[in-house]
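A look at the structure
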Number of protein chains: 4
Amino acid sequence: MSSFTTLLHEIEQAVKPIAATGKVANYIPELAKVPSDSFAFSISQLAGASEGVGQVDTAFSIQSISKTFLLALALQEMGEALWHRLGREPSGNPFNSLVQLEKEHGVPRNPFINAGALVVCDVLLGLYDDPLLALQQWLSEESGSMALVDPVVAQSEIDHSDRNASLVHFMRSYGRINHRVDRVLEFYCRACAISMSTTQLANTMLVLANHGSNPISGKTRFSRSEAKRINAVMLTCGTYDAAGEFAYRVGLPCKSGVGGGIVAVIPNKMGLCVWSPPLDVTGNSAAGLAALDMFTTKTGLSIF
Amino acid sequence: MSSFTTLLHEIEQAVKPIAATGKVANYIPELAKVPSDSFAFSISQLAGASEGVGQVDTAFSIQSISKTFLLALALQEMGEALWHRLGREPSGNPFNSLVQLEKEHGVPRNPFINAGALVVCDVLLGLYDDPLLALQQWLSEESGSMALVDPVVAQSEIDHSDRNASLVHFMRSYGRINHRVDRVLEFYCRACAISMSTTQLANTMLVLANHGSNPISGKTRFSRSEAKRINAVMLTCGTYDAAGEFAYRVGLPCKSGVGGGIVAVIPNKMGLCVWSPPLDVTGNSAAGLAALDMFTTKTGLSIF
Amino acid sequence: MSSFTTLLHEIEQAVKPIAATGKVANYIPELAKVPSDSFAFSISQLAGASEGVGQVDTAFSIQSISKTFLLALALQEMGEALWHRLGREPSGNPFNSLVQLEKEHGVPRNPFINAGALVVCDVLLGLYDDPLLALQQWLSEESGSMALVDPVVAQSEIDHSDRNASLVHFMRSYGRINHRVDRVLEFYCRACAISMSTTQLANTMLVLANHGSNPISGKTRFSRSEAKRINAVMLTCGTYDAAGEFAYRVGLPCKSGVGGGIVAVIPNKMGLCVWSPPLDVTGNSAAGLAALDMFTTKTGLSIF
Amino acid sequence: MSSFTTLLHEIEQAVKPIAATGKVANYIPELAKVPSDSFAFSISQLAGASEGVGQVDTAFSIQSISKTFLLALALQEMGEALWHRLGREPSGNPFNSLVQLEKEHGVPRNPFINAGALVVCDVLLGLYDDPLLALQQWLSEESGSMALVDPVVAQSEIDHSDRNASLVHFMRSYGRINHRVDRVLEFYCRACAISMSTTQLANTMLVLANHGSNPISGKTRFSRSEAKRINAVMLTCGTYDAAGEFAYRVGLPCKSGVGGGIVAVIPNKMGLCVWSPPLDVTGNSAAGLAALDMFTTKTGLSIF
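Scope of this entry: the structure provided in the associated data block. Here the structure is a predicted model, which is why all the values come from computation and not from measurement. Throughout, residues of each chain are indexed from 1 in the direction in which the sequence is written. Chain labels run from A onward and ligand labels from 1 onward, assigned in the order the entries are written. Selection of residues for local features in this predicted model requires a pLDDT of at least 70, selection of side-chain atom pairs for listing and counting requires 80 or more, and totals for whole chains, interfaces and linings are taken over all residues.

Section: helix α6 (residues 131-143) of chain C
All names here are of chain C. Let me state the cut-off plainly: The secondary structure listing takes helices from DSSP runs of H or I that are at least 4 residues long and strands from runs of E that are at least 2 residues long, numbered from the N terminus. What a helix is expected to span follows from its residue count: subtract one and scale by 1.5 Å. For the exposure call, what matters is how many other C-beta atoms sit within 10 Å of a residue's own: 20 or more marks it buried, 12 or fewer exposed, and in between partly exposed, using C-beta atoms placed from the backbone. Throughout, the arc means the angular range of directions from the helix axis out to the C-beta atoms.
End to end, α6 covers 18 Å across 13 residues, agreeing with the expected 18 Å (1.5 Å per residue, within 8%). For α6, the full list of buried residues reads P131, L132, L135, W138, L139, E142 and S143. The arc that holds the buried residues of α6, viewed along the axis, is 125 degrees, so those residues lie on one side. Downstream of α6 by one or two residues, G144 has phi in the positive range, about 95 degrees.

See the structure below:
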């Protein structure tokens, strides 16, 4: 097992200036308050060691990274039957989201567009009395420490949820949502408002690097096939409209969030998480993309 | 170096019945005439051996698989500058192709939708006096034997090219096409009408498995980075609207054609090609997908 | 002043069989209960006489005809300033409604698509403490008798309002809605649930036939220019995707509702209303369209 | 019969400054050369007199006004059967044209979008050996003097016809076009390149004002019903994305062209034509719209 600490330090120095080219998300006030020069990069190897540089123990808002965990939890419970409720193909671009949803009679294209994640929330509401608690427990076990919801961020998300409310009502008009709209929204907003550190998130990725079984939790969450499915969805749909760019530059399954975090998986080897709040025009962390690009280029650890 | 011949025979028996669930392409008469029970599966290992089952030396119409080679040739000549002419992101679905093309001012989303391949043809018309000859020479060198154009298929393609003519004129109205519309169409139709065997195609994939250098031709065609780019585009955009399904079930960069062929790449290891004419509803070879799925499942050779 | 009673009887006989080709709206249970052979046709002349055939005093659910009155009331109060909140151009077809709304940043194309009527409701919520009462009073004065809300229909509308809730939340995400979503929806649903007879509705149309001043109410509601505006919007947008067909066959400003009513205006002469519940594929009363077509053809009273 | 000459002079003075707010079409060089202060306004009354102000005898490029005459000629020959080839509903906006065409399997929404006029050209190619000559003869008879094609404009149109070529090939891919693409385009471009004066065009409108029979030609071209159809299509679709605005401000069936001309019809009374090259953002003559608005406001001759 090799140590990457020297390389991570080198990457930190190289990519921190890139953060200045991005813009911290400000659609909710709480996100805008995060210092734009925050940075952390953690890797967690299957063989056992976790290492990192920067603020690796600072919890930040995971935002859309939560979509990965919502999906994982739903697949763990339902298996392939989940795919009767939503698709797993790339969606083209955000412009199309509503057109596609209309054309496809309220069935979202994949679990990483908002409409899809909201359906997954509706599924989990039917599987757990308290799906948020279930998600937090799952994350705590997989990451090795507590995953908390930031109540201020959660409330801010709920107060700015008209667009998502529109999506849920729209799908509900096609009979695709089983629960009350406000319950779906509230669960979704709280899941996005979970705070975790890069150390925690890199640890959590091990379940996907190791085909469903994370040595940290000691649990088998799902089959090899389902782990492959999640990785495939991450690679093709995990980074908004930059999936092609990430596939090329990083060459790993990734999922990003507007809080500036990006998680990634190297199958059979490790989980990764980088955090830098300023986003590029595609909504992905500018320095985070550069850091992952540099990591796979220097190590040759891309899947391609 | 292991032999996969026994496995390939097993796969052949298992998947041939699946061909009956598909439908041979009939939009041009020549394709409809191909026997629906044709089958071949070849693999070509970097370490040197080529093996296969079925009609591995029967040439068939490569159709959209040619888009991979057009892209490879253009990247070889132009490198990253090619991407000023077109994008490399998934396009969502065919329904959107014209909307996207309009919204994005005539710049195609990626080189594997028709609009994108037609732009690549326009690029190659500016780089070679006879780009079709250049493409055939490249393919002959990479595959180890001659790659011929089927003149009957080519003429049939040209006679049924209204949809593609519409795309070229549309892009030309945005100033995105430099050559005469009929020249672009003719080159594109002839490239689609190239016939090759699964042996040839599996050999040709080695240039992508080996980061730009094919031991068969002994030539370095492009950089490691460009090979990675082509593989990434194949994985995210290579199989029409089933990219997510292929990424999950096969877990390899693939490119399919309506002639029933599918090529695939296992980085650092081998090139693959399977052929079975009947197509599923997404336009991909039904038995071909099943064969590649079975191959990666049995061998564990997926990239995920 | 001529009497049209003989002609109206003739039309009734001719078009009643056409009702059998249509289908009574059933998206809310209350509408599905209305006898499909209900029929009434009333005209109200500026010169003074009202006449009709069939169940001219039976109140039915006016549904989208209310959009005309919501628009009239908002224009009466705000004049041209209303058009800062929404457009007045045809919208193409329902398929596009969400695309257009997204492309046009949450500003609806016209007041007769649902999104537009919901904006008008939001406007009226800012102008009146009880806009529903104001609307009912206005209708009672213009029609000469009370206009009541059917509480069962209203509740049913509210219970099936996911699609409209989606639209309001969507526009609100662009900052286009000033009031609480549930208040906008409730007012809109109650306005659609108003019941009126063809006699009442034909009377109400006189304010548009007479350039803003209805002899029944004795009030001037708006300017000649604003009356012209409403008539123009009715002609170009009043009958869903059949505006062109209505313009040709009827040749009058019309507004239809899924309750089977259609109102029409002959400028300088009269108001009309026909009612027959079964709808054609475009959502307009099948026999109602035929009746208005026959009326204008026989009398030569089209505007063209 | 009243004389409107005083009013026309008043309008000329009032609206000429508005021309400065517009922009002369420049997508083909020949149009850009027309003096931007050109102006003419002609009316032709059924009762017999023709009058006007400005350059009423200067021929200008009629451009899309030709769509009205192509439609008239095709309806004259085919009657209602024409509508099996295309629709007659508003199309929303230009953004949608290709989406709609794809969604509606190559059948254009109406004869006044380019796709629709191109289908009408294809129809006329099947009805006449030389449809351009037939159109010119028809126009000469209806207008009272020769209607010539400007060969320089025509060639320029043909040289800039990629967008229209795209539309024709697209429809042809659905089997909606019977003739060679280049023949359809050439006829369409030549029809757009016809030059006529406002006097001629106002005269020609009499056939629509008088229900199919123009006193100038002394011929009955089509039925009252077909004249009504053309007027209805003009009102709902004749002025690009400003149909609602024209219906309100002018209140007459109108058809505009990018040469700066607008024709209009007052049923039972007169034909009108105004010409001023600078266009507003919707592609309609800025001063022309103002002139027609003022004419109907001052005379009260709107259809509403």
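Here's the deal with the relation of the copies chain B and chain A
Cut-off, in case you're wondering: In superposing the copies, a least-squares fit is computed on C-alpha atoms, taking residues whose pLDDT is at least 70 in both. Two residues form a contact once the distance between their C-beta atoms, set from the backbone, is within 7 Å.
Laying chain B over chain A is done by rotating through 180 degrees and shifting 0.0 Å along the axis; what remains is an RMSD of 0.0 Å. Such values leave the two copies arranged in the relation of a two-fold axis. A share of 100% of interface residues in chain B that are also interface residues in chain A marks the association as one of identical surfaces.

Comments concerning the environment of V181 of chain C
All names here are of chain C. Within the secondary structure layout, V181 lies in helix α9 (residues 181-192). Through-space distance from the C-alpha of V181 to that of D122 is 9.0 Å; in sequence the pair is 59 residues apart. Other than its neighbours up to four places away in sequence, V181 contacts A165, V168, H169 and R172.

A short note on the interface of chain B and chain D
Contact with chain B, which involves eleven residues of that partner, is made by eleven residues of chain D. Contributing elements (two or more residues each) for the side of chain B that touches chain D: α4 (97-103) and α8 (162-173) of chain B. In terms of residues, the side of chain B that touches chain D owes the most to one element, α8 of chain B, which gives eight residues.

A short note on the interface of chain B and chain A
Using the following cut-off: Residue polarity is assigned by list, with Asp, Glu, Lys and Arg as charged and Ala, Val, Leu, Ile, Met, Phe, Trp, Tyr, Cys and Pro as nonpolar; anything else, Gly included, falls into the polar class.
Of the residues lining the interface, 29 residues belong to chain B; the matching set on chain A comes to 29 residues. Broken down by secondary-structure element, the contributors of at least two residues to the side of chain B that touches chain A are α4, α12 (224-237) and α13 (243-249) of chain B. Among the elements that line the side of chain B that touches chain A, the one with the most residues is α12 of chain B, at seven residues. For the side of chain B that touches chain A, a count of residues per class yields twelve nonpolar, eleven polar and six charged.

Concerning helix α1 (residues 5-15) of chain C
Given 3.6 residues to a turn, an α-helix orients residues that are three or four positions apart in the same direction. Residues and elements named next belong to chain C. What α1 keeps buried is the set L8, I11 and V15. Taken down its axis, α1 places every buried residue within 60 degrees of arc, on the same side. Of the residues in α1, the exposed ones pointing more than 90 degrees away from the buried face are T6 and Q13. Against β1 (40-45), β2 (50-54) and α14 (286-299) lie the buried residues of α1.

Some points on unusual backbone geometry
The residue Q63 of chain B is not glycine, and still its phi comes out positive at about 50 degrees. Its location among the elements puts Q63 of chain B in the loop between β3 (60-61) and α3 (66-78). The exposure class of Q63 of chain B is buried, given the 22 C-beta atoms found within 10 Å. For N268 of chain C, which is not glycine, the phi dihedral falls at a positive 70 degrees.

With respect to the relation of the copies chain B and chain D
Under the fitted operation, chain B is carried onto chain D by 0.0 Å of movement along the axis and a turn of 180 degrees, and the coordinates agree to an RMSD of 0.0 Å. Interface overlap between copies: 100% of the residues of chain B at the interface are likewise at the interface in chain D, consistent with a symmetric, same-surface contact.

As for the pairing of strand β1 (residues 40-45) of chain B
Residues and elements named next belong to chain B. Quick note on the threshold: Note on pairing: two strands pair once DSSP finds at least 2 bridges between them.
A large share of β1 lies buried, amounting to six of its six residues. Of the two faces of β1, the one carrying A40, S42 and S44 and the one carrying F41, I43 and Q45 are both buried. In the sheet, β1 pairs with strand β2 (residues 50-54) via five bridges, with the strands oriented antiparallel. By the bridge assignment, I43 is partnered in β2 with E51. Taken together, the six bridges between β1 and strand β10 (residues 270-275) define a ladder with antiparallel strand orientation. Looking at β10, one finds that I43 is bridged to L272.

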